[in-house]
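Descriptive analysis of the structure
Chain by chain, the residues:
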Amino acid sequence: MAAEPLPVADTSPAPLDASQVFRQEFRYVWGSLRRLGVHDADLEDLTHEVFVRVHAQLSLFDPTRPLRPWLFGIALGVSANYRRLARHRVEVFKEVTELPDGAHSADEQVELQQRRELVHRALHKLPLEQRAVLVLHEMDGFGMPDVALALGINVNTAYSRLRIGRAAFKTAVQRLARSLGGLR
Amino acid sequence: MTRARLPSDPCELLREVGPEPVPEGAFEHVALRLQGTLAGAASAETVTPSTPGSPRGLSGVLSPMVSLPLTFAVGALAGLVGFQEFRDGAGSAPSLVPSALVSAAPKLELPPPEPARVTLPPPSVPSAAAPAITAVSNLAQERSLLDRARAKMTAGEPSGALAVLALHERRYPRGVLSEEREAMAINALVSMGHEEEARRRGALFQARFPSSLVRRSVEAALANASAREAEVTDPRR
């Protein structure tokens, strides 16, 4: 009697669950929107909007690809629309006061806060398309093919934006550091 | 102000600063908003108005989305039972009462206050007492229409899909899913051989949704239309 064939393990990625995405990636989406220049006062609205779109487009997501670049692409679309609507508003970053987290000394924390603020201000000097590449590649650590796919551009364009964005970021940091007088 | 040296390559700063801080309560606030959405779904096309602190000019666009009925919200809120994972994996008791998920007037039990990590202006929370306004759109109904249209497309009935999409456009001209509707309509037009109309609508799509993630689907459909036209013009190809 022939042995029953063993069931073949399903190695295909499990379909995404919207609630799980929300729970696990809320912080990432929030932070991405902030890095894309969304004001603190608008982050709740826009984070909500991103997850509405995530739900609507979840069936389009290729589960063999990393999730975060895809989420970032949605956040980018939402923030681009936001910038068009909010273009008349003065964009000012408030310094976010973080309370001691236990992992850093008070001095270290102040310095981290200053650096983060500097990064935000410098990123803000860049066009959104360069900023998006810098954030995804330099801050989130994604490879350029994933960055290009997430942003709907070809890899050469992504590299070009990375190169120009890095140069612009350096210039912005140096100028801001001089004018702020803290970091140097 | 502390004086610290910048790294020799300022781009190193991008890798040094770590994740963005999330203000205390932000996760819960967004979740509550979704829960408000869910409650709003039961009271026939009502939404909670945008938050009082919301910027002028933005609220008009966002308010329809703020409290749309979301099947997603059900799942999201169900997931909130375990949202301690989000809060640094504290592993303490669930902070939301599951029964609140299905209550028409949900009542949440929030976790005991913890020391705040970040000080930000307090995010506004839509309260149950907030006056409801008529919804401009309804995501559940929008989605249902798009699902019908997608089923028609899958069944090889692009004209039927287009009719459903036209209905969506009449009901929700500025709906949350306008972007998805337009992309599908362009695909349907190409399938029906209406290349010119597809291209016209495609140009409007590009102008209206330049950063769209479904742009590639639109571009592929339009490329097919162009190839087909070229074949008609030059049958030797």
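Residues numbered from 1 in each chain as written. Chains lettered and ligands numbered in written order. Predicted model: local features only at pLDDT ≥ 70, side-chain atom pairs only at ≥ 80, totals over all residues.

When you go through chain B residue by residue, the secondary structure sums to nine helices and three strands. Its helices and strands taken in sequence order, chain B reads α-α-β-α-α-β-β-α-α-α-α-α from the N to the C terminus. A buried classification covers 38% of the 237 residues belonging to chain B. Residue pairs at least 24 apart in sequence account for 63% of intrachain contacts in chain B once pairs closer than 6 positions are excluded. (Helix = DSSP H or I, 4+ residues; strand = E, 2+ residues; numbered from the N terminus. Buried ≥ 20, exposed ≤ 12 C-beta atoms within 10 Å, placed from the backbone. Contact = placed C-beta atoms within 7 Å.)

Helix and strand counts for chain A stand at seven helices and one strand. Shown N-terminal to C-terminal, the secondary structure of chain A runs as helices and strands in the order α-α-α-β-α-α-α-α. In chain A, buried positions account for 41% of the 184 residues. Contacts in chain A between residues far apart in sequence, at least 24 positions, make up 72% of those at least 6 positions apart.

Our focus in this paragraph is the nonpolar core. Most often, soluble globular proteins keep nonpolar side chains buried together rather than apart. With 77 residues, the main nonpolar core has Ala75 of chain A together with Ile186 of chain B as its most contacted residues. Apart from the residues within four sequence positions on either side, Ile186 of chain B is in contact with Ala198, Arg201, Gly202, Phe205, Val218 and Ala221 of chain B. (Core = buried A, V, L, I, M, F, W, Y, C linked by C-beta atoms within 7 Å.)

Further remarks concern helix H8 (residues 195-208) of chain B. Residue and element names in this part refer to chain B. Between its terminal C-alpha atoms H8 stretches 20 Å, which fits the 20 Å expected from 14 residues at 1.5 Å a residue. Those residues of H8 that sit buried are Ala198, Gly202 and Phe205. The arc that holds every buried residue of H8, seen down its axis, measures 60°, which confines them to one face. Those residues of H8 that are exposed and angled more than 90 degrees off the buried face are Glu196, Ala203, Leu204, Ala207 and Arg208. (Expected span 1.5 Å × (residues − 1). Arc of directions from axis to C-beta.)

Moving on, we come to helix H7 (residues 178-191) of chain B. Residue and element names in this part refer to chain B. A rise of 1.5 Å per residue sets the reference length of H7, with its 14 residues, at 20 Å; its end C-alpha atoms lie 20 Å apart and thus fit the reference within 8%. The buried fraction of H7 amounts to twelve of the 14 residues, a majority that puts the element mostly inside the structure. For H7, the full list of buried residues reads Glu179, Glu180, Arg181, Glu182, Ala183, Met184, Ala185, Ile186, Asn187, Ala188, Leu189 and Val190. Phi for Gly193, located one or two positions after H7, is positive at around 85°.

Take the confidence of the model for chain B next. All names here are of chain B. On average, residues of chain B carry a pLDDT of 62, and 50% of them reach 70 or more. Within chain B, the lowest mean pLDDT, 33, falls on helix H3 (residues 59-66), and the highest, 90, falls on helix H6 (residues 158-171). Every residue in residues 38-137 scores below 50 in pLDDT, and together they form 193 contacts with partners more than four places removed in sequence or on other chains. Taken together, the chains of this predicted complex give a pTM of 0.57 and an interface ipTM of 0.75. (pLDDT = per-residue confidence, 0-100.)

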